[in-house]
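# Structural overview for review
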Amino acid sequence: MRRLRGPLGERGLLRLVIALALSALVMTGCSRTNGINAPVPGEQEATVGQTALAAEPEAASALAMLTERGYRVQSAFGKAASYVLEPHLMTTEPYRSVWAVQEVKPEAYWGQTVAAHSFVVSDHPLEQTYASLFASRDYETVVTVLCVDGLAIGGVSSPVDKDGALMLGGTYSLDGKTLEEVTGGSYEEWLTKWQAMYGDANE
């Protein structure tokens, strides 16, 4: 996937994209559980083989979406952040990269609050995509599920270096697909259509 550049430079933009892709804005104030059976205070135990999750509808919906896809949740960041989805965000990174790989259209959720729940998972397609890297270095797959009105609507995923928190290859869909795989066209084709619908980031 082609990486979008900005005034922060490629490295700075990558870190900014990671911040949203993995927590929908920032991960400040998040509690993460390490290990399958380590509960976060105030949370209840999830099913066997998965981490504890908050006892609230959107967290349960996020877990259901992941388990339906066959992913095993190893640990949870919890509810990372939330934001109100507005049209102007579609011309701004990293929102543009995140919403570009969703199966749902952002306009269906204008003016609504999007909540992000982040997890470390296994049995994810990115493990095969980066099999040699996962085998040789300390990487894990982090997914962020986007929820609206208590229901999971999509998300993003990325291989993340546990030491440096650097992801690879840009922003992937929840199932590890690139922008080109999601849209069925080239980056240039997607960008032309996106700008026609939502405007140019430089406007």
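Relevant structure appears above.
A brief look at the structure comes next.

The rules behind the values
- Residues numbered from 1 in each chain as written.
- Predicted model: local features only at pLDDT ≥ 70, side-chain atom pairs only at ≥ 80, totals over all residues.
- Heavy atoms only, no water.
- Helix = DSSP H or I, 4+ residues; strand = E, 2+ residues; numbered from the N terminus.
- Buried < 20%, exposed > 50% of the residue type's maximum accessible area, 1.4 Å probe, protein only.
- Areas by Shrake-Rupley, 256 points an atom, 1.4 Å probe, with all protein chains shown as cover.
- Salt bridge = Lys/Arg side-chain N within 4 Å of Asp/Glu carboxyl O.
- Phe/Tyr/Trp six-rings, centres within 6.5 Å; stacked < 30°, edge-to-face > 60°.
- Pairing = 2+ DSSP bridges.
- Core = buried A, V, L, I, M, F, W, Y, C linked by side-chain atoms within 4.5 Å.
- Contact = heavy atoms within 4.5 Å.

### Observations regarding the overall build of the chain
Scanning the chain for helices and strands turns up seven helices and seven strands. The burial tally for the chain puts 50% of its 203 residues in the buried class. Total accessible area computed for the chain in this model is approximately 9,600 Å², and 52% of it derives from carbon and sulfur atoms.

### Overview of the pattern of salt bridges
The tally for this structure, following the rule as stated, stands at five salt bridges. Put simply, glutamate 93 and arginine 96 hold a salt bridge, and the shortest N to O gap is 3.2 Å. Across the pair, arginine 96 and glutamate 93 agree in class, each one buried. Here aspartate 138 ties to lysine 162 by a salt bridge, and the two come within 3.2 Å at their closest N and O atoms. Here the residue aspartate 138 occupies a position in the loop between α5 (131–136) and β5 (139–148), and lysine 162 occupies one in the loop between β6 (151–161) and β7 (172–173), the gap between them amounting to 24 residues. A relative accessible area of 39% places aspartate 138 in the partly exposed class. We classify lysine 162 as partly exposed; its relative accessible area is 44%.

### Brief notes about the packing of aromatic side chains
Aromatic ring pairs are reported here in terms of the distance separating the ring centres and the angle at which the planes meet. Inspection of the entire model under this criterion finds eight aromatic pairs. Centroid distance tyrosine 83 to tyrosine 95: 5.2 Å. Interplanar angle 70 degrees. Geometry classified as edge-to-face. Placement of tyrosine 83 in strand β3 (residues 72–84) and of tyrosine 95 in helix α3 (residues 95–100) is noted, with a sequence separation of twelve residues between them. You can call tyrosine 83 buried: its relative accessible area is 7%. Both rings, one in phenylalanine 134 and one in tyrosine 139, keep their centres 6.2 Å apart while their planes meet at 40 degrees; by these two values the pair is tilted. For tyrosine 139, a relative accessible area of 10% gives the class buried. Ring pairing ties together the aromatic residues Trp110, Tyr187, Trp190, Trp194 and Tyr198, which thus form one cluster.

### Quick notes on the pairing of strand β4 (residues 113–122)
For β4, a buried count of nine out of ten residues is recorded, marking the element as mostly surrounded by other parts of the structure. One ladder, built from eight bridges, connects β4 with β5; its direction is antiparallel. Opposite phenylalanine 119, over in β5, you have valine 143 as the bridge partner.

### Observations concerning the nonpolar core
Counting residues in hydrophobic clusters, the biggest one holds 22 residues, and the most contacted among them are Leu85, Met90 and Trp99. Those elements that place two or more of their residues in this core are α3, β4, β5, β6 and α7 (187–198). Take this core: its biggest share by element is five residues, from α7. Those residues within four positions of tryptophan 99 in sequence are excluded, and the remaining contacts are Tyr83, Leu85, Met90, Val104, Pro106, Tyr109, Val114, Leu146, Ile153 and Trp194. Among the nonpolar cores identified, the runner-up in size contains 14 residues, and Leu63, Tyr71, Ala76 and Val145 belong to it.

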